[in-house]
Structure formats: C-alpha cells, structure tokens
Amino acid sequence: MSVLPLVFTSGINAYAVVLLLGVFGATGLTDEVPESLQRTDVLVVVGVLFVCEAVADKIPYVDSIWDSVHTVIRPLSGAVVAALLAGQSGSLPEITAGAVGGSTALVSHLVKAGTRMAVNTSPEPFSNIAVSTLEDLGVAGIITFAIFHPLAAAIVAGGLLLLGIVIIIFLASKIRRFRQRRAQRREERRLATSWPP
C-alpha cells in the first residue's frame, strides 16, 4: 500500500482516512492495515469524529474554524498513519515516514483550508456544501484506490497535491480580500458599539 495517498488525504479529512483504513482492515479487504487502526473503539471514535467533521465542514465559516483547530491534528494524523504503515517501531524508515507523512498532510491541509477560505467568500452556502461533499468523496475514492492500485493512487494524490498548490496560489488574492473584509466588518462592529447612537 502506498503511503502518499493516505497522508495526502489525512490533510483533508484525517478521520475518514483512519475510519476507511480500519474498516478495510477489519473486513479483510487488505492485510496491510495495522491492528491498532482496526480496533472497535478506534473505529467508533473516528466514526463519530467523521460525522462531526462532515457536518461542520459544510457550514460556511464554521469550516474555517474547524480547519484552524485541525492544523495540528491532520498533520499529526498523517505522520502517525505513515509511521504505523512503515512498521518497525523506532526504526529510521518509520521516523522518516512519519516526518514525510506529517509534512505532506500539512501541505494538503493548508491547500484545503486556503481553498475553503476562498469558497467562504461566496455569499451562498451551496458552494461550501458542494466542495465539502467532493472532498469527502475524493478522500474515499483515493483511499479505496490506494488499497487496490497503490502506485496509481500515489500518482493521482501527487498530481492533486500539485494542482491544489497551484489553485491556492491563484486564489491567494481572494483569500486576502476575504481577510480584509472580515477585518473591516470587525472594525465596523467595534465602531458601532463604541459610539453613542
């Protein structure tokens, strides 16, 4: 099983990655999933967290707050998944896999968070729901593809990561405008409450 698609998708939805890997391992679809990810208590916890993320990720601005909180969680999850898949506790390959996994998950997380910030500039909520649903389906598709076609999944994940970086660079101006408008609204609210009517 290729690690790149797994850590790439951990940066987008860490709970879905752990849940799908655990289910695939527990049902016998693959024997490459570590036992620790197949435990019932782990599957229940990540299942609940996945549902929470699925809901929070579809609400404008709540998704950005959720992404902010997960700036640490997603890269850490990518590092742990990569290290677990590398095996050999404490070995150099495991440490290297963890470092690469965490870094890759961080980059994909930043791409996701930046894209969602740009989507939040849209006045209607439907684009948020559509983008979130596409992310969830994409994570499920890449994880499933990685189980059966690891090399092809690694190429797809690498290509999507590069495409995401290009999109973020393109959307940087929208993100800057979003932040400026948010700061302006805060200032207007502050002025409105500090001056007598």
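We now turn to the structure provided with this report.

Scoring rules and cut-offs
Sequence positions are assigned chain by chain, starting from 1 and proceeding in written order. Predicted model: local features are reported for residues with pLDDT of at least 70 only, side-chain atom pairs are reported and counted for 80 or more only, and whole-chain, interface and lining totals are derived from all residues. Neither water nor hydrogens contribute to the side-chain values; these are computed over all heavy atoms in the structure. To obtain an axis, a line is fitted to C-alpha atoms, over the contacting stretch when the element is a helix, and the angle between two such axes runs from 0 to 180 degrees between their N-to-C directions. Helix and strand definitions follow DSSP, with helices as H or I runs of at least four residues and strands as E runs of at least two, each counted in order from the N terminus. The contact criterion used is simple: two residues touch if any of their non-hydrogen atoms lie within 4.5 Å. In this classification, Asp, Glu, Lys and Arg are treated as charged, Ala, Val, Leu, Ile, Met, Phe, Trp, Tyr, Cys and Pro as nonpolar, and every other residue, Gly included, as polar. Comment on the angle field: the value is read as roughly parallel under 35 degrees, roughly antiparallel over 145, roughly perpendicular from 65 to 115, and oblique elsewhere. Left-handed is the label given to a crossing in which the near helix is rotated counterclockwise from the far helix by less than a right angle, and right-handed is the label when the rotation is clockwise. Residues qualify for a patch when their relative accessible area is over 30% and they have no salt bridge, like charges being joined within 9 Å and the nonpolar side chains of Val, Leu, Ile, Met, Phe, Trp and Tyr within 5 Å. In this description, accessible areas are obtained by the Shrake-Rupley approach with a 1.4 Å probe, and a residue is regarded as covered only by the protein chains that are shown. Every case where a carboxyl oxygen of Asp or Glu lies within 4 Å of a side-chain nitrogen of Lys or Arg is listed as a salt bridge. Counted as positive: Lys and Arg. Counted as negative: Asp and Glu. His and the chain ends are not counted at all. Here the site of a charge means atom NZ of a Lys, CZ of an Arg, CG of an Asp or CD of a Glu. When accessible area is computed with a 1.4 Å probe and restricted to protein chains, residues below 20% of their type maximum are described as buried, those above 50% as exposed, and intermediate ones as partly exposed. Two N or O atoms count as a polar contact when they lie within 3.5 Å, although within protein this holds only if one can serve as hydrogen donor and the other as acceptor, and sequence-adjacent residues are included solely when both atoms are side-chain atoms.

### Focus: the packing of helix 6 (residues 126-148) against helix 7 (residues 150-194)
(1) Moving on: One way to put it is that helix 6 packs onto helix 7 with a least axis distance of 6 Å and a crossing angle of 145°. Touching Ile-142, Phe-145, Ala-146 and Phe-148 of helix 6 are Pro-150, Ala-152, Ala-153, Val-156 and Leu-160, all from helix 7.
(2) Moving on: Its residues assigned to classes, the contact of helix 6 with helix 7 shows nine nonpolar, no polar and no charged.

### Side note on the packing of helix 1 (residues 3-26) against helix 7
(1) Moving on: Running from amino to carboxyl end, helix 1 crosses helix 7 at an angle of 40°, the nearest separation of the two axes being 7 Å. Compared by their axis directions, helix 1 and helix 7 come out oblique. Taken as a pair, helix 1 and helix 7 cross one another with a handedness that is left-handed. Packed against helix 1, whose contacting residues are Leu-4, Pro-5 and Phe-8, the element helix 7 presents Pro-150, Ala-153, Ala-154, Ala-157, Gly-158, Leu-160 and Leu-161 at the interface.
(2) Moving on: By residue class, the composition of the contact of helix 1 with helix 7 is nine nonpolar, one polar and no charged.

### Focus: a positive patch on the surface
(1) Moving on: On the surface, a cluster of positive charge is made up of Lys-174, Arg-176, Arg-177, Arg-179, Arg-181, Arg-182, Arg-185, Arg-186 and Arg-189.
(2) Moving on: One can find Arg-185 in helix 7.
(3) Moving on: Judged by its relative accessible area of 36%, Arg-185 falls in the partly exposed class.

### Topic: a nonpolar patch on the surface
(1) Moving on: On the surface, a cluster of nonpolar side chains totalling about 370 Å² of accessible area is made up of Phe-145, Val-156, Leu-160, Leu-163 and Ile-167.
(2) Moving on: Per-element tally for the nonpolar patch: the top contributor is helix 7, with four residues.
(3) Moving on: Along the chain, the position of Phe-145 falls in helix 6.

### Digging into unusual backbone geometry
(1) Moving on: Positive phi is not limited to glycine here, since Tyr-61 has a value of about 75°.
(2) Moving on: Structurally, Tyr-61 is set in the loop between helix 3 (40-56) and helix 4 (62-86).
(3) Moving on: Take Tyr-61: its relative accessible area is 36%, and that puts it in the partly exposed class.

### Observations concerning the environment of Ala-172
(1) Moving on: Mapping Ala-172 onto the fold places it in helix 7.
(2) Moving on: Among the residues examined, Ala-172 registers a relative accessible area of 25% and is labelled partly exposed.

### Considering the side chain of Ser-10
(1) Moving on: Within the secondary structure, Ser-10 is located in helix 1.
(2) Moving on: A polar atom in the side chain of Ser-10 sits 2.9 Å from the backbone oxygen of Leu-6.
(3) Moving on: Residue contacts for Ser-10: discarding those within four places in its chain leaves Val-17, Arg-74, Ser-77, Gly-78, Val-81 and Ala-105.

### Thoughts on the pattern of salt bridges
(1) Moving on: Considering all chains together, one arrives at 10 salt bridges under this definition.
(2) Moving on: Across the pair Arg-116 and Asp-63 runs a salt bridge whose closest N-O atoms are separated by 3.2 Å. Of this pair, Arg-116 sits in helix 5 (residues 92-119) while Asp-63 is found in helix 4, placing the two residues 53 residues apart along the sequence. Each of the two residues, Arg-116 as well as Asp-63, counts as buried.
(3) Moving on: Counted as one network, the salt bridges with shared partners bring together Asp-57, Asp-63, Lys-112, Arg-116 and Glu-135.

Without other data, these values stay purely geometric and don't point to any function.
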